[in-house]
Amino acid sequence: MRFIVSTSTLLKHLQTVNGASSSSTVLPILENFLFEIKDGNLTISATDLQTSMTTALAVESKEEGKVAVPSKILLDTLKTLPDQPIAFNIDDSTFAIEISAGDGKYKLSGENGDDFPKIPVVENASSVNLPASVLTEAITKTIFAVSNDELRPAMTGVFCQLSPQHITFVATDAHKLVRYRRMDSKADKATSFILPKKALTLLKAALPSTDINVSVDYNATSAFFKFENINLVCRLIDERYPDYEAVIPTNNPNKLIIDRGLFLNTLRRVVIFANKTTHQVRLKISGSELNISSEDLDFANEAHERLSCQYDGEDLEIGFNARFLIEMLSNLSGDEVTLELSTPNRAGLLIPQTNDENEDVLMLVMPVMLNNSY
């Protein structure tokens, strides 16, 4: 089997799907790309058995066949080659691969393509079309709040709720929660599923900046994303997602409106002086003044800053983990944010002051108990 392709085109496609491959010691073939040639098209697949990605490109070839190619050595080689045609010769009986590029010849051993795991196909699926920009925004706004706690598998993914009215994406790690809702994207019937973090990270990296439509098919076990010449299949997290609506406080009489950039930069400075384990900062609000302070008793470090804000409510003192607030403010857009509070032991809500009419973003952060030493 022989084919010719441009190094830069091949490298671009390989880097798109490479994240799906696995450095599995149990199944070494997962460290390979599957190359399949048919009708002058090369289909490249990578999988870790949970998430699979395929991409296709045109190559010069009159033959058909398939081979598993070691991913690391191939990527490392292509990264160092200039943009030029590159020829692959594969021995159909031993799966030895010879690569010719310019004046160089490189040999590596491939494996039988038939031993590569089968990529799942869509069966009994429902489907919905989403613009790439909506999907990118939804992943960006939620993925940072996903939990890494393997003991709570439901929280290690993003919860997607489809309905005829809107589509909602939710992520939480029990300390913070994000709900991102789109009014301009709808599904024919109501359903929900949990998408794993790895698949969403790969999807976000592969989505183009042009606003094309992404076809999303889903059944009881898997979700399938199709756009341009890329297919991504992931196994859904088979767990029940916690009732997140019950956690969001509805009665928050104390409302603080503040410049997002100013608040964010102040927190970035003040957290430097906070305890390195808790990252605790104290927010003291009275009148139109917000005092942000932190201290690290072990090193006698402390910081105090005063910001002016619009505040409607009773004077309040509340503690937060500054790292959570920084993450949330960094992922919100708009010049001003509203922080809605009720009592020092109830969750606070961060909401952008100006929401796009098609999107509704709500971020929730749990407070930390203050020790009243200062």
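About the thresholds
Residues numbered from 1 in each chain as written. Predicted model: local features only at pLDDT ≥ 70, side-chain atom pairs only at ≥ 80, totals over all residues. Heavy atoms only, no water. UniProt positions renumbered as here; feature names shortened; annotations may be inferred. Helix = DSSP H or I, 4+ residues; strand = E, 2+ residues; numbered from the N terminus. Buried < 20%, exposed > 50% of the residue type's maximum accessible area, 1.4 Å probe, protein only. Pairing = 2+ DSSP bridges. Core = buried A, V, L, I, M, F, W, Y, C linked by side-chain atoms within 4.5 Å. Contact = heavy atoms within 4.5 Å. Axes fitted to C-alpha atoms, helices over the stretch in contact; angles between N-to-C directions.

A. How the structure looks around the UniProt feature "domain: DNA polymerase III beta sliding clamp N-terminal" (unreviewed entry) in the protein. As annotated in UniProt, the feature "domain: DNA polymerase III beta sliding clamp N-terminal" (unreviewed entry) corresponds to residues 1-120 in the numbering used here. The straight-line gap between the two end C-alpha atoms of residues 1-120 is 26 Å; of that span, 18% is helix and 44% is strand.

B. The arrangement of the pairing of strand β2 (residues 32-38) in detail. Summarising burial for β2: five of the seven residues are buried, a large majority. Bridge count between β2 and strand β5 (residues 65-70): six bridges; the pairing is antiparallel. If you follow Leu34 over to β5, its bridge partner there is Ala68. Pairing analysis gives five bridges linking β2 to strand β3 (residues 41-47), with the strands arranged antiparallel.

C. A look at the nonpolar core. Of all hydrophobic cores here, the largest spans 102 residues; its most connected members are Phe35, Phe88, Phe225 and Leu290. Ranked by the residues each element gives to this core, the list is headed by helix α6 (residues 322-331), at six residues. Those residues in contact with Phe88, other than ones at most four positions away along the chain, are Met1, Arg2, Phe3, Val5, Leu10, Phe35, Leu74, Ile97, Glu98 and Ile99. Counting 14 residues, the second largest nonpolar core, distinct from the first, contains Ala154, Ile237, Tyr241 and Ile351.

D. Here's a closer look at the sheet that holds β2. An order of β9-β5-β2-β3-β4-β17-β16-β15-β10 is seen for the nine strands of this open sheet, with the pairing classed as antiparallel. Edge positions in the open sheet fall to β9 (111-112) and β10 (126-131), since each of these has one partner strand only. Packing against the sheet, helix α3 (residues 132-142) makes contact with β10, β15 (213-218) and β16 (222-227), and its axis sits at approximately 90° to β10.

E. Structural context of the sheet that holds strand β13 (residues 176-182). Taken in spatial order, the nine strands of this open sheet run β14-β11-β12-β13-β26-β25-β24-β18-β22, and their pairing is antiparallel. Every interior strand has two partners, whereas the edge strands, β14 (191-196) and β22 (310-312), have only one. Sheet twist, expressed as the average angle between the axes of neighbouring strands with direction ignored, equals 15°. Looking at chain direction, strand β11 (residues 157-162) and β14 are connected through six bridges and run antiparallel. Residue pairing across strands places Val158 opposite Leu195, the latter belonging to β14.

F. Broad picture of the pairing of strand β6 (residues 85-90). Where strand β1 (residues 2-6) and β6 come together, five bridges link them in antiparallel fashion. Bridge pairing in β6 links Arg2 to Asn89. Connecting β6 to the antiparallel partner strand β7 (residues 96-101) that follows it, the hairpin turn spans five residues, and Phe95 within it adopts a positive phi of roughly 65°.

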